[in-house]
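Fold and geometry: a report
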Amino acid sequence: MGSLIGYARVSTAEQSADLQTDELTAAGCLKVFAEQASGAVDRRPQLERALSELRAGDTLVVWRLDRLGRSLRHLIDTVTALDEREVGFRSLRESIDTTTSGGRLVFHLFGALAQFEREIIRDRTQAGLTAARARGRVGGRPPKLSGDQVRTVRRLYDERELTVAEIGSVLGVSRTSIYRGLHRDLAATGTTGTRTSAGGGRERRRSRTGSTAADPVPDVERSRR
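Attention in this report is confined to the structure presented alongside it. Fair warning: this is a prediction, and the values are worked out from it, not measured in the lab.

Side note on the overall build of the protein
Summing up its helical and strand segments, the protein has seven helices and seven strands in all. Of the regular secondary structure in the protein, the N- to C-terminal order runs β-α-β-α-β-α-β-β-α-α-α-α-β-β. A burial count over the protein gives 33% of its 225 residues as buried. Counting only contacts in the protein whose residues sit at least 6 apart along the sequence, the fraction spanning at least 24 positions is 63%. With the model as given, the accessible surface of the protein reaches about 13800 Å², and the carbon-plus-sulfur share is 52%.

Details of helix α4 (residues 101-134)
Owing to its 3.6 residues per turn, the α-helix brings residues three or four apart onto one side. Compared with the 50 Å implied by 1.5 Å per residue over 34 residues, the 50 Å span of α4 between its first and last C-alpha is a close match. Buried residues in α4 make contact with α3 (72-84), β4 (88-91) and β5 (96-97). In the segment just after α4, Gly136 is the residue with positive phi, at about 85°.

Brief notes about the side chain of His74
Mapped onto the elements, His74 comes out in helix α3. In this structure His74 touches Arg44, Leu68 and Gly69, once residues within four positions along its chain are discounted.

Some thoughts on the pattern of salt bridges
This structure, assessed with the given rule, holds nine salt bridges. Its salt-bridge partner being Glu53, residue Lys31 comes within 2.7 Å of it at the nearest N-O pair. Of this pair, Lys31 sits in strand β2 (residues 31-36) while Glu53 sits in helix α2 (residues 45-53); the two residues are 22 residues apart in sequence, bridging distant segments of the chain. For Glu53, a relative accessible area of 29% gives the class partly exposed.

Focus on the sheet that holds β4
Spatially, the five strands line up as an open sheet ordered β2-β1-β3-β4-β5, and their pairing is mixed. Taken across any chain shown, the strands that pair with only one partner, and hence form the sheet edges, are β2 and β5. Sheet topology places β4 next to β5; two bridges connect them, and they run antiparallel. Residue pairing across strands places Arg90 opposite Asp97, the latter belonging to β5. With respect to the sheet, helix α1 (residues 18-26) is in contact with β1 (4-10), β2 and β3 (59-62), its orientation differing from that of β1 by roughly 170°.

Comments concerning unusual backbone geometry
With a phi close to 65°, Glu86 is a non-glycine residue in the positive phi region. Structurally, Glu86 is set in the loop between α3 and β4. In this structure Glu86 comes out as exposed when scored by relative accessible area, which is 60%. Of note in this structure, Ser95 is not a glycine but carries a positive phi near 55°.

Re helix α7 (residues 175-189)
Taking 1.5 Å as the rise per residue, α7 with 15 residues should run 21 Å; its terminal C-alpha atoms sit 21 Å apart, in good agreement. Of all the positions in α7, only Ser177, Ile178, Tyr179, Gly181, Leu182 and Asp185 are classed as buried. Check the buried side of α7 and you find it contacts α5 (147-159) and α6 (164-171).

What counts as what
- Residues numbered from 1 in each chain as written.
- Predicted model: local features only at pLDDT ≥ 70, side-chain atom pairs only at ≥ 80, totals over all residues.
- Heavy atoms only, no water.
- Helix = DSSP H or I, 4+ residues; strand = E, 2+ residues; numbered from the N terminus.
- Buried < 20%, exposed > 50% of the residue type's maximum accessible area, 1.4 Å probe, protein only.
- Contact = heavy atoms within 4.5 Å.
- Areas by Shrake-Rupley, 256 points an atom, 1.4 Å probe, with all protein chains shown as cover.
- Expected span 1.5 Å × (residues − 1).
- Salt bridge = Lys/Arg side-chain N within 4 Å of Asp/Glu carboxyl O.
- Pairing = 2+ DSSP bridges.
- Axes fitted to C-alpha atoms, helices over the stretch in contact; angles between N-to-C directions.

By themselves, these observations are geometric and do not establish any function.
Right, dumping it as structure tokens:
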């Protein structure tokens, strides 16, 4: 028969783990690893030590389920990983013991409930996005430039008096926001997005292959930065 290894956790320094460690010791734990850490913290050194101490045939024992898992999903993943190592899991307060058929059944039900919860969240998210799109709204961060500001950006860009960085400085936004605004205007108007040169003609740039092409909206402002 394997050994019982206990794990105890309290969330704050004001709390005491004595109650947990006493019950774990009374349950027959050979060693008890205790620590003070929030349940939301990813790294818990004493839990890592307890897990590394376990060998095939051993059982990890906790005072209560929430002492081990940050969430139901994390709890199930941890117990599943233990099972793959042929290590059992036992919770004293909930009387769950995965070394028994009843305990294994409980965790199978937990796993099914977690999957059901994820599917509900996914379905609700998809339904919300569909409803928003039907009302003309899309997800993501709202644009920093209003429609009037985008038209101002387009005018200043076409006039070639200011660089993109200078236009952004005037409006208090980044160069990236200026380019995004120009793309929005391009998509809305269907224009080609070429800049007008000082002589009134369309400015052209040389492509990587050596040919020339009309300068698209997101082109950098070359030597005039």
